[in-house]
Amino acid sequence: MALESRITQEEIKKEPEKPIDREKTCPLLLRVFTTNSGRHHRADEFARGNVPSSELQIYTWMDATLKELTSLVKEVYPEARKKGTHFSFSIVYPDPRGKVYRLKDIGSTVSGRKGTDDSMTLQSQRFQIGDYLDIAITPPNRAPPLSTRMRPF
């Protein structure tokens, strides 16, 4: 007799995250790669131990929100502080079936505006220590590009 799981994706997302005591928990090193073109880096730019040159290193916790990460990026890139600047976040992770990396879109924020993804955390998106974060920054005078890639996630 086969058993069937009746847990939906919605129920998985509703699981309460365990609060992280930032006073007692050591932060992780988050390697962040940014582009100002509005497009994410290609997955092959992370192949064979290579990484793009636009790296930021941020010490943070798994409960860091996309809005919190946006504000940290804006501290480093003054041009990204303009109201209406669009930040698109992707997790870059190694594919367990091969020696390639995959990108998984996880959300976006807009400078100066509240959004539905602002409170999304790394933990809620199944970020694992060792993964990278890729952020495509789009200036306010340009619309964010439409994704032309189909990603199976």
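Keep in mind that what you see is a predicted model, and the values were worked out from it rather than measured.

Colleague: Whenever I open this one, the pairing of strand β5 (residues 132-138) confuses me. Can you help?
Modeller: Within a regular strand, side chains alternate between the sheet's two faces. Counted residue by residue, β5 has seven buried out of seven residues, so it is predominantly covered. Here β5 shows a buried face lined by Y132, D134, A136 and T138 and a second buried face lined by L133, I135 and I137. Judged from the five bridges that link them, strand β1 (residues 28-35) and β5 form a sheet pairing that is parallel. If you follow V32 over to β5, its bridge partner there is L133. Taken together, the seven bridges between strand β3 (residues 86-94) and β5 define a ladder with antiparallel strand orientation. Counterpart to H86 in the pairing with β5 is T138.

Colleague: Which parts of the structure should I look at to understand the packing of aromatic side chains?
Modeller: By convention here, two paired aromatic rings are described through the distance between centres and the angle between planes. For the structure shown, the criterion picks out five aromatic pairs. For the pair F33 and F46, a centre-to-centre distance of 5.4 Å together with 80 degrees between the ring planes defines the contact as edge-to-face. Separated by 13 residues along the polypeptide, F33 in strand β1 and F46 in the loop between β1 and β2 (55-60) bring together distant segments of the chain. Taking the centre distance of 5.9 Å and the plane angle of 20 degrees together, the rings of Y101 and Y132 count as stacked. A residue pair is termed long-range when its members are at least 10 positions apart, and Y101 in strand β4 (residues 101-110) and Y132 in strand β5 qualify at 31 residues. The class of Y132 is buried, set by a relative accessible area of 11%. A connected cluster of aromatic rings, assembled from ring pairs, spans F33, F46, Y101 and Y132.

Conventions and cut-offs
Residues numbered from 1 in each chain as written. Predicted model: local features only at pLDDT ≥ 70, side-chain atom pairs only at ≥ 80, totals over all residues. Heavy atoms only, no water. Buried < 20%, exposed > 50% of the residue type's maximum accessible area, 1.4 Å probe, protein only. Helix = DSSP H or I, 4+ residues; strand = E, 2+ residues; numbered from the N terminus. Pairing = 2+ DSSP bridges. Phe/Tyr/Trp six-rings, centres within 6.5 Å; stacked < 30°, edge-to-face > 60°.

Scope: geometric values only; no functional claims are made or implied.
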